[in-house]
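Structural characterization, general
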Amino acid sequence: DVKVTQSSRYLVKRTGEKVFLECVQDMDHENMFWYRQDPGLGLRLIYFSYDVKMKEKGDIPEGYSVSREKKERFSLILESASTNQTSMYLCASIGLVAGGTEAFFGQGTRLTVV
Amino acid sequence: ELKVEQNPLFLSMQEGKNYTIYCNYSTTSDRLYWYRQDPGKSLESLFVLLSNGAVKQEGRLMASLDTKARLSTLHITAAVHDLSATYFCAVGTGTASKLTFGTGTRLQVTL
C-alpha cells in the first residue's frame, strides 16, 4: 500500500511561532504537494516539489516555505504563524499507476494558531 | 489561471434516488480525478479519468469525462446513506501532475 504519513494529526501553535509540518511517502514518488483545505474554498495548492531540492510555488504560497532535502520527505514551514493560517493541511504524493498518475494523500494535519 | 467549478455545492437526496454532480474546468486537460472525503478524514481516490469519453463505474458511482466540453460528471444511482460525504473533482496539469481542485459537493443522503 502507498503510504503518505503526516507527522501530526492536530497541532496548536501560538501566533508568531515557527511551525514545521512534515510529510513522508514510501513509494519513491518524485512529485509531492502541500495543500490547505478551508470550508467553502476546497483544496488550494501552497507549494509543490518535483525533485529533491526543487520546489515551485502554488496558488497561495505567501507566509509559507518548503524543504525537500530527501526524496521521501517534504516539509511545510510557517515562518511566523498567524491566525489566518488556521486550517487543515494535506500532503499528497503523486506517482504512476496503471494507465496514468494518481495522487495519494496523507491523513491531514489540523493546525490551530491562537 | 485554471478554474474548476463544481455544482451543486450541497446536495440533499433521499435514499434510492439518482443524481449527478458536475465538474467544469477552464483549460485543456486530459486528467480528471474524483475524490471522496468523510468528515475529519483525508481524501480517498475514487476515479482517474485519462481520456475523452472515459467512463468508470464502481458500485453506485459512475464518472465520465468529456474533454471537449471540459466537463466531468459523477452520477449516483439509487443512493444509500453510506454515500454521504464530500466529493471533489480535480484537474491535473503539467508534467508534475499538479492538481487543481473544485470546491467540493457535500452530499447528504437521508433515509
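In this report, we go over the structure that sits alongside the text. (Residues numbered from 1 in each chain as written. Chains lettered and ligands numbered in written order. Predicted model: local features only at pLDDT ≥ 70, side-chain atom pairs only at ≥ 80, totals over all residues. Heavy atoms only, no water.)

What the rule picks out here adds up to 10 aromatic pairs over all chains. With a centroid separation of 6.3 Å and 20° between ring planes, the pair formed by Phe 33 of chain A and Tyr 35 of chain A is classed as stacked. On the basis of relative accessible area, Phe 33 of chain A is assigned to the buried category, the value being 0%. Between Tyr 35 of chain A and Phe 101 of chain B, the ring centres sit 5.3 Å apart and the planes meet at 85°, which makes this aromatic pair edge-to-face. Remark: Phe 101 of chain B occurs in strand 10 (residues 98-101) and Tyr 35 of chain A occurs in strand 4 (residues 31-38); the pair is interchain, linking two chains. On the basis of relative accessible area, Tyr 35 of chain A is assigned to the buried category, the value being 1%. (Phe/Tyr/Trp six-rings, centres within 6.5 Å; stacked < 30°, edge-to-face > 60°. Buried < 20%, exposed > 50% of the residue type's maximum accessible area, 1.4 Å probe, protein only. Helix = DSSP H or I, 4+ residues; strand = E, 2+ residues; numbered from the N terminus.)

So, about the interface of chain A and chain B. On the chain B side, the residues contacting the 23 residues of chain A number 19 residues. At the boundary of chain A with chain B, total buried surface from both sides reaches about 1600 Å², with 56% on carbon and sulfur atoms. Of all residues in chain A, Leu 43, Thr 101 and Phe 105 of chain A give up the largest surface area on contact with chain B, accounting jointly for 27% of the area buried on that side. Summed over the shared surface of chain A and chain B, the result is 1 salt bridge. Between Lys 98 of chain B and Asp 59 of chain A there is a salt bridge, with its nearest N and O atoms 3.9 Å apart. Applying the counting criterion to the chain A and chain B interface returns 5 residue pairs in polar contact (both at pLDDT 80 or more). Of all the secondary structure elements, the ones that give two or more residues to the side of chain A that touches chain B are strand 4, strand 5 (42-51), strand 9 (87-97) and strand 10 (100-105) of chain A. When its residues are assigned to classes, the side of chain A that touches chain B shows 11 nonpolar, 9 polar and 3 charged. (Contact = heavy atoms within 4.5 Å. Buried area = accessible area lost by both parts, 1.4 Å probe. Salt bridge = Lys/Arg side-chain N within 4 Å of Asp/Glu carboxyl O. Polar contact = N/O pair within 3.5 Å; in protein donor to acceptor, adjacent residues only side chain to side chain. Nonpolar A, V, L, I, M, F, W, Y, C, P; charged D, E, K, R; others polar.)

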